[in-house]
Structures are given as structure tokens and as C-alpha cells.
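Summary of the model geometry
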Amino acid sequence: MPESPPSGILRSWWPRLLVGAVLGVLLFAGESWLLLRSGVVGMDIPVDGPYAALMAAMRPVVPGLLLRVAAVYAVAGLALAAAGTLLARAWGRGGAGASLGQGLLLFLLLAWDRAIARPALFDDLPAVRPLLAWLVEHGEPWHPRAVVAVWLVAHGAAWVVRSKQGRRALWGGAALAGLLGLWLLGQGGAGHGEPRHPLVVVIGIDAFRPDRLRSQGGSGEVAPHVERLLEDAALFTRAYTPIAQTEPAWRSLLTARWPHETGVRYSLTSDSRMQLQRTFAETFSEAGWRTVFATDCSRFHAEGPASGFAERLQPPRGAVNFLLEKLRYRALGLFADHALGAAWVPEFIDNRALAGIHDPMGYAERLAARLVDEARQGPTLFAFHATAAHFPGDPVHPFYRRFVPASEPLERRLRMHFAPVTPGAKGGWNRAGAEALYDELLAQADAQVGTLLEALRRAGRYNDALILLLSDHGESFHADRADLAGATPVHGARLSEEENRILLAVKPPGGRGEAPALVDALVRLVDVGPTLLELSGLPRLSGVDGVSLVPLLRGEALAPLALYAETGFTHVLPEVFDPGHWPGAPRSFDAYRIRPDGVVEMGPAAHASILQEKDVGAFDGQRWWVDRPQANGTVLRACQGDCEGPDALALEAWFDGVQGRAEAPEIPRPRRFHR
């Protein structure tokens, strides 16, 4: 059969490519209609009162965003049409129907693959739920890929048999593949002879409880990559955060100051309330270091210029990001979950808020490449905050099979869901199931960390890098309250071992050496910055609350430290845990305001109430002193632990001294002290 000239091929292909692009746009339109019809986008909400600012902030951004999404659908439809036409020609069936059938089959194979890899992409579609449940239980990634391989081989064989040109192309392709293999083989050692600039890597794992580690009583199965890093690091077994919420914890981390001195006392604190204090990242920047911060979730934690990081890789901050969580354009998870898609629509692909659409492992691979590239260009401080254990909490393959029993309902295996923290919460998890899902999500975050560390090893930079691993807070599953067994886990609601104890480990350049593997002294998140600066030979931060932990890393003694801590602001009413507690902070949309630039922040009235509601405390490893505001306008001071003797009195005096520097509540209240 004679081959068509190139011009003839183009004339016959263009209509099919156009049809493919149109079908892609129609798929976009169909998904948009379903979103609007379901009401999840929120287009039917009132546009007056507090919602007016929300709609005003989104209106100028959304059209351009949706146009970029539509472009992805159009290009994907065109690509499927081209691939379908090419495959149909292999059998000599060049008709439009055959091309359309081949393209549709490709689409279904892609959906099959993604349903196994990231089942949360389809978990809220009732029509596919039985099939999805079977895939979650039995599907393996190699299944669809094996079908694709056999399918392509069959088409290739048909093309070779039918065409002399195909046979020539086969031999040429084999030669090209051989040359490519030789080139890749020659690149295997690339990068090891490059200059070795100083490298500091700070890795945060959101909500990681250290009791998941083997040395702290865990099974060792949750975080194998962290366990491997700890073989070269010193683990601080009694490390604590001053506040168990991400945004204020990171501000204390960066400035080495207690939350009441930073001005960031809860998530979505107004920028105007932040005290512009020097950060350790700013010191690195001024010393000529490249400074990069990255996270895949910015709904309740976004770093701005005040962080001191010159580059900040994070999803958009504010109202638009909360809207994106509702814009579940599922085909983006099929067509755009790669580097090109992340460059075109990063708001979706590199955004943890988009369950199933965001590919956490692909994101980690791109981030690892960025880390290695930054390290080649000069001294680098690179910080990454992994948020897999945060809502929407959708484990990907193979993590959704690790710890949650197969007997649990599908919705509880694939994504976090909300159950109010109230006694006898119905329809929620049992505590064992909630912790099992949490462990799967920590394992997923651990795999992301492993991707970064492995990239450093391949580049020959792991050994000489200073790596600090931390968590910003823990997580409470209400183990002391049987009546809350079905409730959502929480952090920031109480001052406790579960919520305030954190992971903290340091791997110095060259490894731990003779330093202790486990350091049992009490240390704080505010000590991280001074430690990094001393280890890097940079000037210390002045007038801060944190201290350098370098003496402990050398096996030397350090004067005992104490922790000042406060609760954050959560959806949980404080009287659930403390009957008689003052419950005045509002928990409705009215508590927030939307700035003209779309940033969501706490309003002034809510701010005053949140400060009034906070528990504040001091801890020295033996006892807690805690002040709890009461509904009658007094403050109840309580002590837990060893509350007698001079050490207890010394901690109480220190606690009063630290509070003397606190921001005064805007609602005056008398105090009543109890021991």
C-alpha cells in the first residue's frame, strides 16, 4: 500500500486533531457544569456581607485560571486524537471512528492507571465507586501499564509488517535507543566533580508525632526514610513546640521567639499584627546564601517576604486557594500531573488542597531536582514543609494499603473526613482507624522526604549537607477521652504531650560522628535557628528566646531549658476539654476578613476573643503550669506533675516573667490562682 505524502497526511489529520481539541473543551464544559450543579463551587452563596469581599477577590483571578484549565483539556484532547489516529493507521484503518475509538481507549487506560495511583481523584463519584473499591483492594500499577505495553507492541508489529518504511523506522529506533542508552550510561557519575558549596536542608513534616519512631516506642514501619536519616543524626527525644499550629509554629521557628513576641498567635493572623523581627533565613540571605522555602499547602500557612526566604515556592495564598479546593477538575489529574502541567497550572498540580489531582510523589521528584540545582549554584538554605498528614489527607498508592484495615468503608480509607470534636460524635472514625490513616499519611510524607534525600545521595551531596528534620506540632486522637473516639484528630486545642511534643533531629555535615544518637535534654522549636546559624558559622540572632543546641550535639552539658507554650485557635470549643472554660471566640465566617488582594485573615474582633480564650503554660519536663481563662472572668492556674518544691516555684516564677512580655488581652480580666 503506497504511503501518503506528508501534505496528504496533514490534510487528513487536521480535522481529527480539531475534533479532539473540541472534545477536550466539551469535557471541560461538562465538568464545569457538574461543579456548578453540585453547588460545591459556592456560586450560589450570598454575595453581600462578608461574602462580598470573597467574590470580589476571586472575580479578577478565576477567568484566567479557568482559561488555562480549558487549554489543558484542549491540548489533551488534541494529543489523544493524534495518538489515536497514529495507532489506527498501524492497522490500515484510517477512518475517524477508528481514531476516536483508539483515543477513547487511551483515555480509559489513563484513568485506570490514575485510579490505582491516586484513587481520591474519583472517590466522590458514586457511579464508579464499586469499581474503585475493587481497584483499591486488588489493583496494581503494573496492570494498566502491561496492557498498554502489549497494546503498543501489537500496533508496532502490525505497522512493521504492513510497511517497509515501518521496518526502516524500527531499525533506526533501535539504533537511536542504543545511542541514548550509552549517553545515559556516560552521565551516571555527572555532578560529583562539581564545586561543593555549603548546603543546609531544613525538612518539616507536618503533625509528625515522634512516638512513631522505633527508638520512641513505635514500630519503625511508618517512616523508614526518616529512620535511615536518624542513623547519621542526633535525635532530640524531648523536643517541644510553643504552639501546636503550623503558621505560628513556623514563625517562632524562624525568629527563635515565643508566639506572643512574634505577634503570630494562630493561623491566618493578619500581617499587620506580625512583629517584623529578624529571621535566621534573613541572616543566611545577607551572608550571600541562596534561600528557598517550599510547601505544597498554603491554606493555613504561607510564608511571605518577612520570612527571610528570597524564593518561596507555594500555592497561591488566600481566597482563591480556598476556592481551588472545590474546583475538582478531575481530568487535570489525568492530563497535567507532570512537570509541564505543574508549570502551566501549578495552582492545581502543586497544591495539596486538590485531593487526587495533586501527585505528591511527582511533586517531590520535581522539588528534589530543584534542591540539587540550587545546591550547584552556591551556598544554599533549602526548607521544605511536607503536609501529607493534613486535610484533605488522601493517601496514594501504595500507602492506602499500609495500615487501615480493608474492612473499613472506602471513604475512610481514601481521605480524611470531618467529625466534630464533641462527645459521642457520630459517623466518624474509631480511634484505631483514625491513627491508621494518619500513619499512612506520615508514610507518604516520609516517602517525599526520602525522594529529596535520595536525590542528594545521587548528587553526592548528602554526606556534606547539614540536614535538620523537624515537625511543627504533634496530633491528638483524644486518647484520654473515650467519648471523643469518633471525632476528628486535632492540634492546637490543648497543651499536651500529644500535641506539643515534636520530632527534631540534626545530621551535621559528615554525619553524627561521636555525638550522641539520642539527646534527652528538653529543647524547643525556637532553638532551631540559633543552632543552624552556629553550625553554619553565621552571626547569631540577638535578643531571642531560643539558644543554640550545638553543645548538646557535641555531647556537652547545657543549662536546663523551659518551654513557654500556648494553645492556638481551632474548630474545637475549649469547654469540650475544660468545662467552665471561657468560650467566647467566634467560629464562623464572620470571624475572618478578605483583603482586596484576596488574602484571608482574622478580623480584629475575633483576634481579641482568641487571645482571651487561650490557655498559656510553662513546662520543664517535670511539670506544667497552665493558666486557663474561665467563663466567670477569672483565670484558673493549675499544675500538673511534680508541683512541690523549689523547682516548681522556679518554673512558676519563670512563667510569670515570660508572660510579662505577652500581648495584653484587649478584654481585662481578674485572676484567681490555684495550685
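Residues numbered from 1 in each chain as written. Predicted model: local features only at pLDDT ≥ 70, side-chain atom pairs only at ≥ 80, totals over all residues. Heavy atoms only, no water.

1. Points about the packing of helix 3 (residues 62-90) against helix 4 (residues 96-117)
Threshold: Angular values range over 0 to 180 degrees, each being the angle between N-to-C directions of two axes fitted as lines to C-alpha atoms, with helices fitted over their stretch in contact. Numbered from the N terminus, helices here are DSSP runs of H or I no shorter than four residues, and strands are runs of E no shorter than two. Our angle categories are set so that under 35 degrees counts as roughly parallel, over 145 as roughly antiparallel, 65 to 115 as roughly perpendicular, and the remainder as oblique. For a crossing to be left-handed, the near helix must be turned anticlockwise from the far one by less than a right angle; the clockwise case is right-handed. Residues are treated as being in contact if the distance between any of their heavy atoms lies within 4.5 Å. Each residue is assigned to one class: nonpolar for Ala, Val, Leu, Ile, Met, Phe, Trp, Tyr, Cys and Pro, charged for Asp, Glu, Lys and Arg, and polar for all the others, Gly among them.
At their nearest, the axes of helix 3 and helix 4 sit 7 Å apart, and the two run at 120 degrees to each other. What the angle tells us is that helix 3 and helix 4 run oblique. Where helix 3 crosses over helix 4, the handedness of that crossing is right-handed. Residues Leu80, Ala83, Gly84, Thr85, Leu87 and Ala88 of helix 3 pack against Ala98, Ser99, Gln102, Gly103, Leu106 and Phe107 of helix 4. Class assignment for the residues of the contact of helix 3 with helix 4 results in seven nonpolar, five polar and no charged.

2. Considering the pairing of strand 6 (residues 466-470)
Regular strands have side chains that alternate between both faces of the sheet. Here is the rule: Throughout this description, buried means an accessible area under 20% of the type-specific maximum (1.4 Å probe, protein chains only), exposed means over 50%, and partly exposed covers the range between. Strands were regarded as paired on the criterion that DSSP finds at least two bridges between them.
A large share of strand 6 lies buried, amounting to five of its five residues. The side-chain alternation of strand 6 yields two buried faces, one formed by Leu466, Leu468 and Leu470 and the other by Ile467 and Leu469. Looking at chain direction, strand 1 (residues 199-205) and strand 6 are connected through five bridges and run parallel. Residue pairing across strands places Ile203 opposite Leu469, the latter belonging to strand 6. The pairing of strand 6 with strand 8 (residues 504-507) spans four bridges and is antiparallel. Paired with Ile467 across the strands is Lys507, a residue of strand 8.

3. What about helix 4?
Note the following rule: In a helix, the anticipated span is given by 1.5 Å times the number of residues less one.
An ideal rise of 1.5 Å per residue puts 32 Å on 22 residues; helix 4 measures up with 32 Å between its terminal C-alpha atoms. Within helix 4 the residues assigned to the buried category are Ser99, Gln102, Gly103, Leu106, Leu109, Ala111, Asp113, Arg114, Ala115 and Ile116.

4. Regarding the UniProt feature "transmembrane region" (unreviewed entry) in the chain
Quick note on the threshold: UniProt positions are given in the numbering used here, feature names are shortened, and annotations may be inferred rather than shown by experiment.
UniProt records the feature "transmembrane region" (unreviewed entry) for residues 17-36, 65-88, 100-122 and 168-186 in the present numbering. As annotated, residues 17-36 has a helix share of 100% and a strand share of 0%, and its two end C-alpha atoms lie 29 Å apart. Secondary structure across residues 100-122 comprises 78% helix and 0% strand; the distance between its end C-alpha atoms is 24 Å.

5. Quick notes on the environment of Ala339
Following the sequence through the fold, Ala339 ends up in helix 14 (residues 339-344). Ala339 sits eleven residues away from Asp350 along the chain, and the two C-alpha atoms are 9.8 Å apart.

6. A word on the packing of helix 16 (residues 360-377) against helix 18 (residues 431-458)
Put simply, helix 16 and helix 18 touch, their axes get as near as 9 Å, and they point 30 degrees apart. Taken together, helix 16 and helix 18 sit at an angle that is classed as roughly parallel. Relative to helix 18, helix 16 is oriented so that their crossing is right-handed. Residues Pro360, Met361, Tyr363, Ala364, Glu365, Leu367, Ala368, Leu371 and Val372 of helix 16 form the contact with helix 18, whose participating residues are Gln444, Ala447, Gln448, Thr451, Leu452, Ala455 and Leu456. Grouping the constituent residues of the contact of helix 16 with helix 18 by class yields twelve nonpolar, three polar and one charged.

7. Some remarks on the pattern of salt bridges
A side chain with one charge may pair with a side chain of the opposite charge, provided their charged atoms come close. In plain terms, the rule: Salt bridge, as applied in this entry: a Lys or Arg side-chain nitrogen positioned within 4 Å of an Asp or Glu carboxyl oxygen.
Applying the stated rule across the entire model yields 46 salt bridges. The salt bridge involving Arg366 is made with Asp350; its shortest N-O contact spans 2.8 Å. Here Asp350 lies in the loop between helix 15 (346-349) and helix 16 and Arg366 lies in helix 16, a separation of 16 residues in the sequence. With relative accessibility at 18%, the residue Asp350 sits in the buried group. Taken together, the shared-partner salt bridges in this structure form one network comprising Asp271, Arg317, Arg593, Arg595, Asp597 and Glu601.

8. Topic: the side chain of Asp359
Keep this limit in mind: Positive charges come from Lys and Arg alone, negative charges from Asp and Glu alone, with His and the N- and C-terminal ends not counted.
Here Asp359 lies in the loop between helix 15 and helix 16. Nearest to the buried, unbridged Asp359 among oppositely charged side chains is Arg118, at 4.0 Å. Among all residues touching Asp359, those that are not within four sequence positions of it are Arg118, Asp337 and Ile349.

9. So, the side chain of Glu652
Let me state the cut-off plainly: A 3.5 Å cut-off defines polar contacts: any pair of N or O atoms within that distance qualifies, except that in protein one atom must be a possible hydrogen donor and the other a possible acceptor, and neighbouring residues in sequence count only when both atoms are side-chain atoms.
Tracing the chain through its elements places Glu652 in helix 23 (residues 646-659). Of the residues examined, Glu652 reaches a relative accessible area of 8% and is grouped as buried. At 3.0 Å, the side chain of Glu652 and the side chain of Arg637 are in polar contact.

10. Overview of unusual backbone geometry
Backbone torsion omega between Phe391 and Pro392 reads 15 degrees, so that peptide bond is classified as cis. Across the junction of His397 and Pro398, the peptide omega takes the value 5 degrees, indicating a cis bond. Topologically, Pro398 is positioned in the loop between strand 5 (380-386) and helix 17 (410-414). Residues other than glycine seldom take positive phi values, yet Ala207 does so here, at roughly 65 degrees. In this fold, Ala207 is placed in the loop between strand 1 and helix 8 (224-230). For His478, which is not glycine, the phi dihedral falls at a positive 60 degrees. Note that His478 resides in the loop between strand 6 and helix 19 (497-500).

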